[in-house]
Amino acid sequence: MLLSQIRAEDGMLHVVAREGTEAFVICDCASTYDLARDCANRSITLKQRIAKLGLGGAVDVEGALAQGRVLAPIHHPDPTQMFLSGAILNDAGFVETASAVATAWTYKGDGRAIGAPGMALLVNDRTLDRGTGPSVAVVYIVSDSGTPFRIGCAMANDFSDRILTTQSYASMAQGGLRPLGLGPELVLATLPERIRGSLRLVTDADAITDISVSTGQDGLKAVITRLERDHFASGSLCQPGQLHILVIALGGGITSSATIGDMTTLTLSGFGLPLSNPLHQAARRPDVPVQINAL
């Protein structure tokens, strides 16, 4: 089953469940976050809860995507309580580090860094590199009792500054603080044994880069299970209501440099409709150092 969040033509937010080509609005469901938190607190599966709530009208998800009405498949009402972390997974299914001295994890920001399908991802003019690569985002919610639950996974258009991330341990964290496209659909299933697909970078309607994605079958689930265990070992990351997104860079973190105006389109088998995001220039900030004031 695939979940998406769609803005109806009257402006209302609907959570939509899709199996095969048929998609329907979930009745009495305000958001994917509310649905997931309710399930976590009840200790029931999302599919069980959706069956209990029932399905309403049919939805053309592909048509809504073309019209720009598909949002990120999940969001937190307080984006500062949505935490993004990243790791690199090579073709054999093992975690790699960005440099010899770096840990497997990088902090990528909070919910304000997430862009919906089709939404322009903004980079500032001080960026040394606009590296983009195929990624999968695994999404978790923490119940009111402090227990993490895996909701599902979605495609991610992940941007990072590859020059900064390899310069030093200190600059690695700064290089990972870039926008992240998420969606369009959230897969409610166990983690796949193998992920295949492609990432296409297009400039002026011409494909300039095609990256093939294929993860190894052995060890993928085991590695992500270990990452989950390490991530949620800290009590500060098990606070009620938090959302966590673990962004796994596929193919050993293979990336391609994008330029302003490029369109990145990611397609992965079993993850639903393709994810496309254009890259735009953020508003120029004053070329002065940030001033820290004392109270």
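Here the structure is shown first, and the text comes after it.
Throughout what follows, the structure given in this document is the object of discussion. On a predicted model such as this, the values are computed, not experimentally measured, just so you know.

Section: the packing of helix α1 (residues 32-42) against helix α2 (residues 46-53)
Thought 1: Running from N to C, α1 and α2 cross one another at 110°; their axes reach a closest spacing of 9 Å. Compared by their axis directions, α1 and α2 come out roughly perpendicular. Along the contact surface, α1 presents L35, A36, D38, C39 and R42, while α2 presents L46, R49, I50 and L53.
Thought 2: A class-by-class count of the residues in the contact of α1 with α2 yields six nonpolar, no polar and three charged.

Remarks on the pattern of salt bridges
Thought 1: In this structure the tally under the stated criterion is eight salt bridges.
Thought 2: In this structure, the salt-bridge partner of R18 is E185, at a minimum N-O distance of 2.7 Å. With a gap of 167 residues between them, R18 in strand β2 (residues 13-19) and E185 in the loop between β12 (180-182) and β13 (186-187) connect regions that are remote in the sequence. Side by side, R18 and E185 carry an identical accessibility label, which is buried.
Thought 3: Between D158 and K108 there is a salt bridge; the shortest N-O distance is 2.9 Å. One end of the pair, D158, is in strand β11 (residues 148-160); the other, K108, is in strand β7 (residues 106-110), with 50 residues separating them in the sequence.
Thought 4: D158 gets classed as buried once you look at its relative accessible area, which sits at 12%.
Thought 5: By relative accessible area, K108 is classed as buried at 4%.
Thought 6: Where salt bridges share partners, they join D38, R42 and R49 into one cluster.

Observations regarding unusual backbone geometry
Leaving glycine aside, a negative phi is the common case for residues, and trans is the common case for peptide bonds.
Thought 1: The step from G183 to P184 runs through a cis peptide bond, and the omega angle for that step is 0°.
Thought 2: Within the element layout of this structure, P184 appears in the loop between β12 and β13.
Thought 3: Positioned with a positive phi, D28 is a non-glycine residue whose angle comes to about 50°.
Thought 4: Tracing the sequence through the fold places D28 in the loop between β3 (22-26) and α1.

Some words on the nonpolar core
Thought 1: Core analysis: the largest hydrophobic core is formed by 31 residues, its most contacted members being L3, I26, L35, I114, I151 and I245.
Thought 2: Every element with two or more residues in this core is listed here: β2, α1, α2, β5 (82-89), β10 (131-142), β11, β12 and β16 (243-249).
Thought 3: No other element matches the five residues that α1 contributes to this core.
Thought 4: Once residues lying within four places of it in the same chain are set aside, the contact partners of I114 are A72, M82, L84, L180, L182 and I245.

Observations concerning the packing of aromatic side chains
Thought 1: Scanning all chains against the criterion turns up one aromatic pair.
Thought 2: Each ring, one from Y140 and one from F232, has its centre 5.2 Å from the other, and the planes form 65°; the classification is edge-to-face. Taken together, the positions of Y140 in strand β10 and F232 in the loop between α6 (220-231) and β16 put the pair 92 residues apart, joining distant regions of the chain.
Thought 3: Overall, Y140 belongs to the buried group, its relative accessible area being 2%.

Comments concerning the pairing of strand β1 (residues 2-7)
Thought 1: Of all six residues making up β1, five are buried, and the element is well covered by its neighbours.
Thought 2: With two bridges connecting them, β1 and β13 associate as antiparallel partners. For L2, the partnering residue across the bridge sits in β13 and is V187.
Thought 3: The pairing of β1 with β2 spans six bridges and is classified as antiparallel. Across the sheet, L2 pairs through a bridge with R18, a residue of β2.
Thought 4: Between the antiparallel neighbours β1 and β2 lie five residues, among them G11 with a positive phi of about 95°.

Looking at the environment of I74
Thought 1: Residue position: I74 is located in the loop between α3 (61-66) and β5.
Thought 2: A relative accessible area of 1% means that I74 is categorised as buried.
Thought 3: With 41 residues separating them in the primary sequence, I74 and Y33 have C-alpha atoms 6.1 Å apart.
Thought 4: For I74, the contacting residues outside a window of four places in its chain are Q5, T32, Y33, M82, V139, I151 and L243.

Here we look at the environment of P278
Thought 1: Among the secondary structure elements, P278 is positioned in strand β19 (residues 275-281).
Thought 2: For the pair P278 and T264, spaced 14 residues apart in the sequence, the C-alpha separation amounts to 6.1 Å.

Regarding α1
Thought 1: Looking only at α1, the buried set comprises T32, Y33, L35, A36, C39 and A40. The arc that holds every buried residue of α1, seen down its axis, measures 165°, which confines them to one face.
Thought 2: Looking one or two places after α1, you find S43, whose phi comes out positive at around 55°.

Scoring rules and cut-offs
As a convention, each chain's residues are numbered from 1 in the sequence order in which they are written. The model is predicted, so local features are restricted to residues of pLDDT at least 70 and side-chain atom pairs to those at 80 or more, both for listing and for counting; the totals for chains, interfaces and linings are taken over all residues. Only hydrogens and water are set aside; all other atoms, that is, all heavy atoms of the structure, feed into the side-chain values. Each axis is a line fitted through C-alpha atoms, taken for helices only over the stretch in contact, and angles between the N-to-C directions span 0 to 180 degrees. Each helix is a run of DSSP H or I of at least 4 residues and each strand a run of E of at least 2, with the numbering of both proceeding from the N terminus. Here is the rule for angles: anything less than 35 degrees is roughly parallel, anything more than 145 is roughly antiparallel, 65 through 115 is roughly perpendicular, and the remaining ranges are oblique. In this description, contact between two residues means that some pair of their heavy atoms is separated by no more than 4.5 Å. Each residue is assigned to one of three groups, with Ala, Val, Leu, Ile, Met, Phe, Trp, Tyr, Cys and Pro labelled nonpolar, Asp, Glu, Lys and Arg labelled charged, and all others, Gly among them, labelled polar. Whenever a carboxyl oxygen of Asp or Glu lies within 4 Å of a side-chain nitrogen of Lys or Arg, that contact is scored as a salt bridge. Only protein chains enter the accessibility calculation, which uses a 1.4 Å probe; a residue whose area is less than 20% of its type maximum is buried, one above 50% is exposed, and one in between is partly exposed. By convention a nonpolar core is built from buried Ala, Val, Leu, Ile, Met, Phe, Trp, Tyr and Cys residues, the set being connected through side-chain atoms within 4.5 Å. Pairing of aromatic rings covers Phe, Tyr and the six-membered ring of Trp, with a centre-to-centre limit of 6.5 Å; geometry is then stacked below 30 degrees between planes, edge-to-face above 60, and tilted otherwise. Here the rule is simple: two strands pair whenever DSSP picks up at least two bridges between them. Directions drawn from the helix axis to the C-beta atoms are what define this arc.

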